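# Analysis of the macromolecular model
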Number of protein chains: 2
Amino acid sequence: MKPMTPAISLAPHGKEYQLRGPDESEKEKEALDRITDEQQKLGRGIVVVQGMGFVGAVMGAIVADAENGKGEPFYFVHGHLRPSRRSFWKVPVINSGKPPVKADDPEIPEIFRRCVLEKKTLRATWHDHAYKLADIVVVDIQLDATKPTLGRAAEGYCDLSAFSEGMRTLGRHIKPEALVLVETTVPPGTCEKVIKPILEEEFEKRGINTAENPPRVAHSYERVMPGRRYVSSIRNFWRTYAGVDDVSTELARVFLSNVLDVAHFPLYRLRSTTASEIAKVFENTYRAVNIALTLEWARLAEKSGVNLFEVIRSIRVRKGTHDNMCRPSLGVGGYCLTKDPVLANWAAAELLGTDVQLEYAVRSVDINDLMPLHTFEIIQEAVCGDLGGKTVVLLGASYLEDVGDTRHSPSATLWKKLRDAGAEVTVHDPLVETWPELEEAFANKDLAQCLKGADAVVFAVGHRAYLALDPQDVVRAAGKTPLIVDCSDFLTEEKITKYLRLGCSVKGVGKGHIRGPEGT
Amino acid sequence: MKPMTPAISLAPHGKEYQLRGPDESEKEKEALDRITDEQQKLGRGIVVVQGMGFVGAVMGAIVADAENGKGEPFYFVHGHLRPSRRSFWKVPVINSGKPPVKADDPEIPEIFRRCVLEKKTLRATWHDHAYKLADIVVVDIQLDATKPTLGRAAEGYCDLSAFSEGMRTLGRHIKPEALVLVETTVPPGTCEKVIKPILEEEFEKRGINTAENPPRVAHSYERVMPGRRYVSSIRNFWRTYAGVDDVSTELARVFLSNVLDVAHFPLYRLRSTTASEIAKVFENTYRAVNIALTLEWARLAEKSGVNLFEVIRSIRVRKGTHDNMCRPSLGVGGYCLTKDPVLANWAAAELLGTDVQLEYAVRSVDINDLMPLHTFEIIQEAVCGDLGGKTVVLLGASYLEDVGDTRHSPSATLWKKLRDAGAEVTVHDPLVETWPELEEAFANKDLAQCLKGADAVVFAVGHRAYLALDPQDVVRAAGKTPLIVDCSDFLTEEKITKYLRLGCSVKGVGKGHIRGPEGT
């Protein structure tokens, strides 16, 4: 936390920022006090957002942007970051009025500019002193599940130590009447069994009588989606919430009502924080299970001449009962569906003390984690087993179309398998800036250059740029007729026909109806 | 088929009908010829519905009821039944203008009266001669999957012999240009790999050149739901269809467009009958999987003080992505979800010749089949393990609320478990007339009488009559304070509180939040 020599935090855009040393600590503390005092005089509540990551940064801006009927801001927001090499750069970036996240949503730069420079209701800080000043702390610390082996998610667990340390920091600093509102997806039971006891312990150490001043803790999970509606997916969307007691619940209700569009998306109160925590992981498990179901049917469709995507479209017309049906793809990535069933399964025993095993839920994680191997098999079979020296180009590295987010991307799994089988692999993505984990395989340079000499082109992610590709151009860039692999119905029938006419073989996950190439 | 002595067919209402003997065969044949001739002169197509069961009877009436813009019927329908003890009674019942199915839907008696007595476009027959006269045969024969052991659905199979015999009958009689439209849920591949070859074989035997006159076969599955919208769930609902060739496909399209409300529920054409067959079983598997997922979460909720139904309601607000979420219950019954994944899994190897195993799908069947054991455990635990001599009343024997359909009802599974554990069990259902399989346990007599002396009352099915029950009346009828078990959120919070105040223990699937009884 306090480096002996000034250390550097490197922003994704390449600019370097010097970490603050202890000598600047007092100055920042004074700034926090002064600003907080000014803001309180303006009648604003003081909110600290703990963790300015993917959710916290945007949530912080939304809170800072919220106004009452007269156009007066409800809150001033201290966005808190740890002064680490990985995160510190966000402090100066945010305080210059720029977002610390890259996004397709035009609201993102606008809301940061407005709140930081114009309304002056948002400021980033690395100093824990901010917690002392908070009326409300919104917890947006990252919390991961660890899956030791791919395909054995039942052995997955959650290491709560860093998260708990974050809670301990709160307990050491916050006013006893401050609300701790947890937005992080946590293993069910965390608010009751982890956070509350830690806060109580730290309060007692500070001489606070927790019988009279019980910690105020609530849970309300976000449903953020990266992409064009990033801000809106937090602000204009349904929210579930619950508190550990009536006061906490009511404080959470008032806060959420002030900052979110509850007129159009009414709040849903649950009876306990455990219920709210379960809701989040159950909700994501529901999706994970529905995706997992599709893989074996994709295999069946491929071997029986059927286009499973058409079948799914025909079923989804049943609105209300069947229109949530998911489709097969390269695999499942992102931060939620890949871990939430694991968090729940681990918590069932470790936090909630039950003997319940969420087998069906956890199985879905295994199926989804291993889903990229199916595309690998499709490629391998198409080249008659020998991938040695073959040039394969994966189009798309992110886990979602039109988003540059590579967290747990299935493209990485496929890349590893192909590389291990001896293929020369290039992973292309115009929306991803760098991806060091993929070594030299990753490129966001000119697509035509990447495609040169390709023996196989894999449509892994449905980025608009890829959907727009003309078969003629792909074949021309490759300089040969590569195998075309469509991972999730990204190619229209018309395009498939074009590729076949050009002499390409075309294969697709769930697409058993494709014949060809033409003339064969 | 031709009994030596006149045999009897017994209708559910108790009336006996003598099976027709061979001497009446010629008379019926003449009647079929005469009526068909008259109807053809009126410009009507001749449709034979093969199998007048739960779907066929109502589909037959809908076809007979369909009219063109001038109010002229498109078709005359021969509803065909086998002259068996089990089915024959339907012939005279239908021909008297009455429906052969019991239903809550007021359209049912009306449509049979109208078509048989008024429009005279529907008549039942037991004579195979009808097939010779058909322009279209709609196949609604029942087809089951067999699961040798409960909980091992992967060993399930489909015996196609009776179904194939039905197809052979068609092949022996139908005009080569007649369309065979299969509505039955069949193992994927059946139209291509079973029906078409059988028809070809029989055609060839009759000297028909099948190269010039290939059998015309199409598949279009119903999505019928018993209950108040029985007719409407066939006529005013989406349909998927496909044919084995272009002519079959077009004939099916014209027929379905004439008889269904395609203006509001457009037809969905798939490329092959196998795709359409897969769509049906995949669609039901989707539901089966979503229900199966809920059981382990119900267990978790019960052990962690959470009401899972509230959690599910809070998630289902996410329209379009999460509102298809299902809820836990006593179990899954009915004719579709209990068998369709098994049909698909069996067909994957046996008809489609693939090595695909639909493990995740089949696992859902096992979970759902065994789901009633969870309610059994709840009861057993509440009575501290000893069910010997305890009086248990199950409210509901059907598989669905407000319907008298007991096919594969989970109440039967629970009844067996309770009986084997030594309990005295009464299964009550006001909508079910008889259920011989349940021996003396089944009753549809006065509910208060059934409840007398109950140690436990299980709300197994959400019939309106049960939802309306007042806790005071239940306790009064029992003459004691029975354990109350709520299998799927049938009791409001208010009612649960009332039961607790009356001194009852209340338990519920997925309801961990219930405390009590009051004062304990």
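As the structure is a prediction and not an experimental result, all values here were calculated from the model.

Facing the 64 residues of chain B at the interface are 64 residues of chain A. Taken over both partners, the interface formed by chain B and chain A buries close to 6000 Å², and the fraction arising from carbon and sulfur atoms is 67%. A per-residue breakdown of the area chain B buries against chain A is headed by F282(B), W297(B) and Y360(B), which together make up 15% of the total. Summed over the shared surface of chain B and chain A, the result is eight salt bridges. Of the charged contacts in the structure, one is a salt bridge between R271(A) and E493(B), with a shortest N-O distance of 3.3 Å.

Now for the pattern of salt bridges. All names here are of chain B. One pass over the structure, following the stated rule, counts 84 salt bridges over all chains. In this structure, K119 and E67 form a salt bridge, with 2.7 Å as the shortest nitrogen-oxygen distance. With K119 in the loop between α4 (107-118) and β5 (122-125) and E67 in the loop between α2 (56-65) and β4 (75-80), this residue pair connects regions lying 52 residues apart in the sequence. Assessed through its relative accessible area of 19%, K119 is described here as buried.

Evaluated as defined, the whole model comprises one cavity of 30 Å³ or more. Put simply, the largest cavity is a space of about 40 Å³. Each residue belonging to the lining of the largest cavity can be placed in one class, and the counts come to one nonpolar, two polar and three charged.

Our next topic: unusual backbone geometry. All names here are of chain A. Its identity is not glycine, yet C384 carries a phi of approximately 55°, on the positive side. Relative to the assigned elements, C384 resides in the loop between α14 (372-382) and β11 (391-395). Positive phi is not limited to glycine here, since D489 has a value of about 60°. The buried category is assigned to D489, whose relative accessible area is 17%.

Residue and element names in this part refer to chain A. With parallel pairing, the six strands of this open sheet are ordered in space as β13-β12-β11-β14-β15-β16. Strand pairing shows two members of the sheet lacking a second neighbour, β13 (442-443) and β16 (506-508), which therefore form its edges. Relative to strand β15 (residues 483-486), strand β14 (residues 456-459) runs parallel, the two sharing four bridges. When the sheet's bridge partners are listed, A456 is paired in β15 with L483.

On to the environment of S248(B), then. All names here are of chain B. Mapped onto the secondary structure, S248 falls in helix α9 (residues 246-259). It is 16 Å that separates the C-alpha atoms of S248 and V194, two residues lying 54 residues apart in sequence. Those residues in contact with S248 that lie beyond four places of it in its chain are L179, P215, R216, V217, A218 and G243. One polar contact links the side chain of S248 to the main-chain amide nitrogen of V217, over a distance of 3.2 Å.

Residues and elements named next belong to chain B. Along strand β6 (residues 136-139), one buried face is formed by I136 and V138 and the opposite face, lined by V137 and V139, is buried too. As defined by bridge partners, strand β3 (residues 45-50) adjoins β6 across four bridges and the pair is classed as parallel. Among the inter-strand pairings, V49 is bridged to a residue of β6, identified as V138. Sheet topology places β6 next to strand β7 (residues 179-182); four bridges connect them, and they run parallel.

A few words now on the side chain of D140(B). Residues and elements named next belong to chain B. Position of D140 relative to the elements: it lies in the loop between β6 and α6 (161-173). For the buried D140, no salt bridge is present, and the opposite-charge side chain at shortest range is R239, 7.1 Å distant. With near-sequence residues (within four places) excluded, D140 lies in contact with V49, Q50, G51, V55, G56, M59, E183 and T184.

Okay, the state of the cysteines next. Applying the stated criterion across every chain, the model contains zero disulfides over all chains. Its sulfur unpaired, C191(A) is 13 Å from the next cysteine sulfur, which belongs to C158(A). C504(B) supplies the cysteine sulfur nearest to C487(B), a cysteine that is in no disulfide, at a spacing of 16 Å. The buried category is assigned to C487(B), whose relative accessible area is 0%.

Looking now at the confidence of the model for chain A. Here chain A shows a mean pLDDT of 95. Residues at 70 or above account for 98%. Interface confidence for the predicted complex, given as ipTM, is 0.95, next to a pTM of 0.96.

W297(A) and W297(B) are the most contacted members of the largest nonpolar core, which has 217 residues in total. Sequence-distant contacts of W297(A), defined by excluding residues within four places in its chain, comprise L308(A), I278(B), V281(B), F282(B), T285(B), A344(B), L358(B) and A361(B).

Positionally, M325(A) belongs in the loop between α11 (308-316) and α12 (340-350). Once the C-alpha coordinates of M325(A) and I315(A) are considered, the two residues, 10 residues apart in sequence, prove to be 8.0 Å apart. In contact with M325(A), not counting residues within four places along its chain, are I312(A), I315(A), R316(A), F282(B), Y286(B) and N324(B).

Below, the discussion takes up the relation of the copies chain B and chain A. The two copies are related by a screw operation: chain B maps onto chain A through 180° of rotation and 0.0 Å of translation along the axis, at an RMSD of 0.0 Å. Taken together, the rotation and translation relating the two chain copies correspond to the operation of a two-fold axis. Identified as the residue of chain B closest to the rotation axis by C-alpha distance is N324(B), at 3.0 Å. Looking at chain B, 100% of its interface residues are interface residues in chain A too, so the copies touch through the same face.

Let us look at the environment of C336(A). Tracing the backbone shows C336(A) in the loop between α11 and α12. The sequence separation of C336(A) and V186(A) amounts to 150 residues, and the corresponding C-alpha distance is 11 Å.

Going through the model one piece at a time under the given rule, you end up with 17 aromatic pairs over all chains. A centroid spacing of 4.5 Å and a plane angle of 20° characterise the contact between F282(A) and W297(B), whose relative ring orientation is stacked. On the criterion of chain membership, the pair formed by F282(A) in helix α10 (residues 273-303) and W297(B) in helix α10 (residues 273-303) is interchain, its members lying in two chains. Of the two residues, F282(A) and W297(B), both sit in the buried class. Feature note: the residues F74(A), Y75(A) and F255(A) constitute an aromatic cluster, connected by ring pairs. Residue placement shows K417(B) over the ring face of F376(B); its charged tip is 4.9 Å from the ring centre.

Time to look at the sheet that holds strand β8 (residues 216-219) of chain B. All names here are of chain B. Taking strand neighbours across the sheet as the criterion, the eight strands line up as β5-β4-β3-β6-β7-β8-β9-β10 in an open arrangement whose pairing is mixed. Of all the strands in the sheet, the pair left with one neighbour each is β5 and β10 (267-269). Here the strands of the sheet are splayed against their neighbours by 25° on average, with no regard to which way each runs. With four bridges joining them, β7 and β8 adopt parallel strand pairing. By the bridge assignment, V182 is partnered in β8 with H219. Sheet contacts for α6: β3, β6 and β7; angle to β6, the most-contacted strand, approximately 175°.

Moving on, we get to the packing of α10(A) against α12(A). In a packed pair of helices, the relevant descriptors are the angle between the two axes and the axis-to-axis distance. Residue and element names in this part refer to chain A. Between α10 and α12, the least distance of the axes is 8 Å, while the angle of their chain directions is 130°. Overall, the two elements α10 and α12 adopt an arrangement that is oblique. Crossing handedness for the pair α10 and α12: left-handed. The residues of α12 that touch α10, namely those facing K280, V281, N284, T285 and A288, are D340, P341, L343 and A344. The residue inventory of the contact of α10 with α12, partitioned by class, reads five nonpolar, two polar and two charged.

With respect to burial, helix α2 (residues 56-65) of chain A is a largely interior element, 10 of its 10 residues being buried. Within α2(A) the residues assigned to the buried category are G56(A), A57(A), V58(A), M59(A), G60(A), A61(A), I62(A), V63(A), A64(A) and D65(A).

The rules behind the values
Within each chain, residues carry numbers counting from 1 in the order of the written sequence. Chain letters and ligand numbers both follow the written order, the letters beginning at A and the numbers at 1. Local features in a predicted model are, by the rule used here, given only for residues with pLDDT of at least 70; side-chain atom pairs are given and counted only at 80 or more, and totals for whole chains, interfaces and linings are based on all residues. As a rule here, side-chain values cover all heavy atoms of the structure and leave hydrogens and water aside. Throughout, a contact is declared for two residues whenever any of their heavy atoms are within 4.5 Å. Accessible surface is computed with a 1.4 Å probe, and the buried area is the amount of it that two parts give up when combined, taken over both parts together. By definition here, a salt bridge exists when the distance from a side-chain nitrogen of Lys or Arg to a carboxyl oxygen of Asp or Glu is within 4 Å. Secondary structure counts use DSSP, requiring at least four H or I residues in a row for a helix and at least two E residues in a row for a strand, with both numbered from the N terminus. Working definition: with a 1.4 Å probe on protein chains only, accessible area under 20% of the residue-type maximum means buried, over 50% means exposed, and in between means partly exposed. Only protein atoms enter the 1 Å grid used here, on which a cavity is any set of points holding a 1.4 Å probe that cannot leave and a pocket is any open set flanked by protein within 12 Å on both sides along at least five of seven lines; residues with an atom within 4 Å of a point are listed as lining. Grid points are joined across faces, edges and corners, and a volume is the space filled by probe spheres set on the points. Basically, the charged four are Asp, Glu, Lys and Arg, the nonpolar ten are Ala, Val, Leu, Ile, Met, Phe, Trp, Tyr, Cys and Pro, and anything else, Gly included, counts as polar. Criterion used throughout: strands pair if DSSP finds at least two bridges between them. Any pair of N or O atoms that falls within 3.5 Å is considered a polar contact. Within protein, one atom must be able to donate a hydrogen and the other to accept it, and sequence-neighbouring residues count only if both atoms are side-chain atoms. We treat Lys and Arg as the positive residues and Asp and Glu as the negative residues; His and chain ends play no part in the count. Count a disulfide wherever a pair of cysteine sulfur atoms falls within 2.5 Å. On a scale of 0 to 100, pLDDT captures the predictor's confidence in every residue. Among buried residues, the Ala, Val, Leu, Ile, Met, Phe, Trp, Tyr and Cys ones that are joined through side-chain atoms within 4.5 Å form a nonpolar core. A least-squares superposition brings the copies together, and it is based on the C-alpha atoms of residues with pLDDT no lower than 70 in both. Only the six-membered ring of Trp is used, alongside the rings of Phe and Tyr, when aromatic pairs are assigned; centres must lie within 6.5 Å, and planes under 30 degrees apart are stacked while those over 60 apart are edge-to-face, with the rest tilted. As a reminder, the over-ring test applies to NZ of lysine and CZ of arginine, requiring each to be within 6 Å of the ring centre and within 35 degrees of the ring normal. Note on definitions: angles span 0 to 180 degrees between N-to-C directions of axes, and those axes are lines fitted to C-alpha atoms, for helices only across the stretch in contact. Roughly parallel here means an angle under 35 degrees, roughly antiparallel means over 145, roughly perpendicular means 65 to 115, and every remaining angle is called oblique. By convention the crossing between two helices is left-handed if the near helix lies anticlockwise of the far one by an angle smaller than a right angle, and right-handed if it lies clockwise.

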